[in-house]
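# Structural overview
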Amino acid sequence: MRLVTAGCLVLAIVLAAVCLTAAAGTQGTWSTVADQQAPQVVDATGLYQALTDMDAQTANVMMFGSDAQLSGNRATALTQYAQDRTVADRDLQRATVDAAGSTSVQQALVAVLDGMGSYQDLAGRALELNEHVRATAGQPDSGALAEYRQATDLMRLTLLPAADRLVQANNDAFNQTYASERSALGTAELWTLVLGAGLLVALLGLQVWLARRFRRIVNPPLAAATLLVLLFVGLAGSLFPDQGDHLRHARRDAFDSVVALSRARAVAYDANADESRYLLDHARAPQYQDAFEAKSQQIVALPGATLAGYDAALVSAITAYRADHSDVRFGGFYGTEFRNITFTGERAAAEQALLQYQVYERDDRAIRALVDVGHLRQAIAYCTNYAPGGSNAAFTAHDAALQKLIGINTDAFGSAVRDGQRELEARIPVLAGSLVLVALLTLLGVRPRLAEFRR
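Notes on the structure follow.

## Regarding the overall build of the protein chain
- Each helix and strand in the protein chain was counted, giving 11 helices and 0 strands.
- In terms of overall dimensions, the protein chain is more spread out than a globule: its C-alpha atoms have a radius of gyration of 31 Å, far above the 23 Å expected for 455 residues.
- In the protein chain, buried positions account for 51% of the 455 residues.
- Taking as baseline every contact in the protein chain between residues at least 6 positions apart, the subset at least 24 positions apart corresponds to 79%.
- Carbon and sulfur atoms make up 58% of the accessible area of the protein chain, which totals about 19900 Å².
- In the protein chain, which carries 39 positive and 46 negative side-chain charges, the distance between the mean positions of the two groups comes to 15 Å.

Shown next as structure tokens:
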């Protein structure tokens, strides 16, 4: 009887250790992903976006030149450049603090940090030279343009790829944490069932032995302990799958969309920068047009569509989707989102963002048509116009729609995190208390029988 009782107590202790350790680990995972890894991914995409917009605004200021009618646009571009630089500095500082222990993140950061100072020096010299000669709109000074080419090449070939690697490294870390925790939860669930079943068998065996040996039909403390073990196994056995579901909702249903849409937003800023580069640097215009096309395919991939046929292909894909929401014929970041629509209001917000993107793409073709007929100044004014009907107004409308869609998924991510944390906070004390009671009731149940042996 002492041996079986000791076995019950050991099983209860091991069961408690397995379950409570797993639950505590899950609590730590929620803190890691919600307070560290998710913000790191978002900050990295924000850094990419701020960097590319710095280059776009540099191109815009040079493109406006000394044209008095574009002086308001020039002031807006300079203000935006300063804001982008502030955001980039902030995100770099955060990333530097968070980079400890991650070689891939540190390497990406070094590339950005090394290049930032050089880029600002080159861009500053380009603006100063262009200002000095009072260049006309769309006709930058050759020396200024040479400096800008060095600056934009540094941005496009070094800084932005490094920022993208930073996004990927942080996102990979989050995915690794997610996969590890899901595996740990599955293991904890298995061991909970095995150990719980073993404890139930031991308690039932002890009661059967006592009933036969002492001719007592029911031992109330041991019966109560058995019921508590059943309760414990039920609570713990459902806790771990529930936590896995909360993690899946947080990562796959919500944050996968946050990542895709945040990257879509950053790449859209980069494509918008390619429009400015296209208008500024006539010799490199074909290169920047190809870059815009490539980024359009990243945002909404339409296989086989060139820039000339992109609008028609997008109309066809949207028409097919409207007829059947399961018929998503486009890929890219928007394709990822439309295949992962989960939450209330998300579909309507996604459709609105896609339609705003369609308007922006059409405006791009209008800019290029103006350039083709020799109306460069009109193309510049149209490209940088924030008034209704202007290209930048369409870009801003798309950006706002995209932020709304990102917000829906960000809120869903936060909700899933809170649900998981609250469930753990509610269950852990109950689980710990129930096994303490199991141990006490087991001792209480065998104590009178042991006393009979002593008599």
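The rest of the description comes next.
## Side note on the packing of aromatic side chains
- This structure, assessed with the given rule, holds 10 aromatic pairs.
- Seen in terms of ring centroids, Phe255 and Phe413 are 5.2 Å apart; in terms of plane orientation they differ by 45°. Their pairing is tilted. Highlighted residues: Phe255 in helix 5 (residues 220–280) and Phe413 in helix 11 (residues 391–454), separated in sequence by 158 residues.
- Residue classification places Phe255 among the buried residues on the basis of a relative accessible area of 3%.
- Between the aromatic rings of Phe330 and Phe338, the centroid separation amounts to 5.3 Å while the plane-to-plane angle is 80°, which identifies the pairing as edge-to-face. We note that Phe330, like Phe338, is buried.

## Considerations on the environment of Ile299
- Within the element layout of this structure, Ile299 appears in helix 6 (residues 285–299).
- For Ile299 and Ala260, which are 39 residues apart along the polypeptide, the C-alpha to C-alpha distance reads 9.1 Å.
- The residues touching Ile299, leaving out its near neighbours within four places in the chain, are Ala264, Val267, Ala268, Gly331, Gly332, Phe333, Tyr334 and Tyr357.

## So, the pattern of salt bridges
- By the definition in use, this model includes 25 salt bridges.
- Here Arg368 ties to Asp364 by a salt bridge, and the two come within 2.8 Å at their closest N and O atoms. Here the residue Arg368 and the residue Asp364 both occupy positions in helix 9 (residues 346–372), the gap between them amounting to 4 residues, near one helical turn. Grouping residues by exposure puts Arg368 and Asp364 together as buried.
- Through salt bridges that share partners, Asp55, Asp270, Asp274, Arg277 and Lys295 make up one connected network.

## Let's talk about unusual backbone geometry
- Its identity as a non-glycine residue notwithstanding, Arg134 has a phi of 50°, on the positive side.
- Take Arg134: it is sitting in the loop between helix 3 (103–132) and helix 4 (142–214).

## Describing the nonpolar core
- Judged by nonpolar contacts, the single largest core of 84 residues is most densely connected at Val300, Phe330, Tyr334 and Phe338.
- Elements with a minimum of two residues in this core: helix 1 (2–64), helix 4, helix 5, helix 6, helix 7 (307–323), helix 8 (332–338), helix 9 and helix 11.
- Among the elements that make up this core, the one with the highest residue count is helix 5 (22 residues).
- Within the second largest apolar cluster, 30 residues are counted, among which are Ala44, Tyr81, Leu92 and Leu154.

## With respect to helix 7
- Relative to the 24 Å expected for 17 residues at 1.5 Å per residue, helix 7 spans 25 Å between its end C-alpha atoms, a close match to the ideal helical length.
- Those residues of helix 7 that sit buried are Leu307, Tyr310, Asp311, Leu314, Ala317, Ile318, Ala320 and Tyr321.
- On the buried face of helix 7, the contacting elements are helix 6, helix 8 and helix 9.

## Structural notes on the side chain of Ser434
- The topology assignment puts Ser434 in helix 11.
- Once residues within four sequence positions are removed from consideration, Ser434 is found in contact with Leu228 and Phe232.

## Describing a nonpolar patch on the surface
- A surface patch of nonpolar side chains, amounting to about 310 Å² of accessible area, comprises Leu190, Trp191 and Val194.
- Counting through the fold element by element, Trp191 comes out in helix 4.

## Things to note about helix 10 (residues 376–383)
- Inspection of helix 10 places Leu376, Ala379, Ile380 and Cys383 among the buried residues, and these make up the whole buried set. Mapping the buried residues of helix 10 onto a view down its axis gives an arc of 100°, with all of them on the same face.

Rules used throughout
- Residues numbered from 1 in each chain as written.
- Predicted model: local features only at pLDDT ≥ 70, side-chain atom pairs only at ≥ 80, totals over all residues.
- Heavy atoms only, no water.
- Helix = DSSP H or I, 4+ residues; strand = E, 2+ residues; numbered from the N terminus.
- Rg over C-alpha atoms; globule rule 2.2 N^0.38 Å.
- Buried < 20%, exposed > 50% of the residue type's maximum accessible area, 1.4 Å probe, protein only.
- Contact = heavy atoms within 4.5 Å.
- Areas by Shrake-Rupley, 256 points an atom, 1.4 Å probe, with all protein chains shown as cover.
- Lys, Arg positive; Asp, Glu negative; His and termini not counted.
- Charge placed at Lys NZ, Arg CZ, Asp CG, Glu CD.
- Phe/Tyr/Trp six-rings, centres within 6.5 Å; stacked < 30°, edge-to-face > 60°.
- Salt bridge = Lys/Arg side-chain N within 4 Å of Asp/Glu carboxyl O.
- Core = buried A, V, L, I, M, F, W, Y, C linked by side-chain atoms within 4.5 Å.
- Expected span 1.5 Å × (residues − 1).
- Patch = residues over 30% accessible without salt bridge, like charges linked within 9 Å, V, L, I, M, F, W, Y side chains within 5 Å.
- Arc of directions from axis to C-beta.

It is worth stressing that arrangement in space is one thing and function is another; only the former is reported here.
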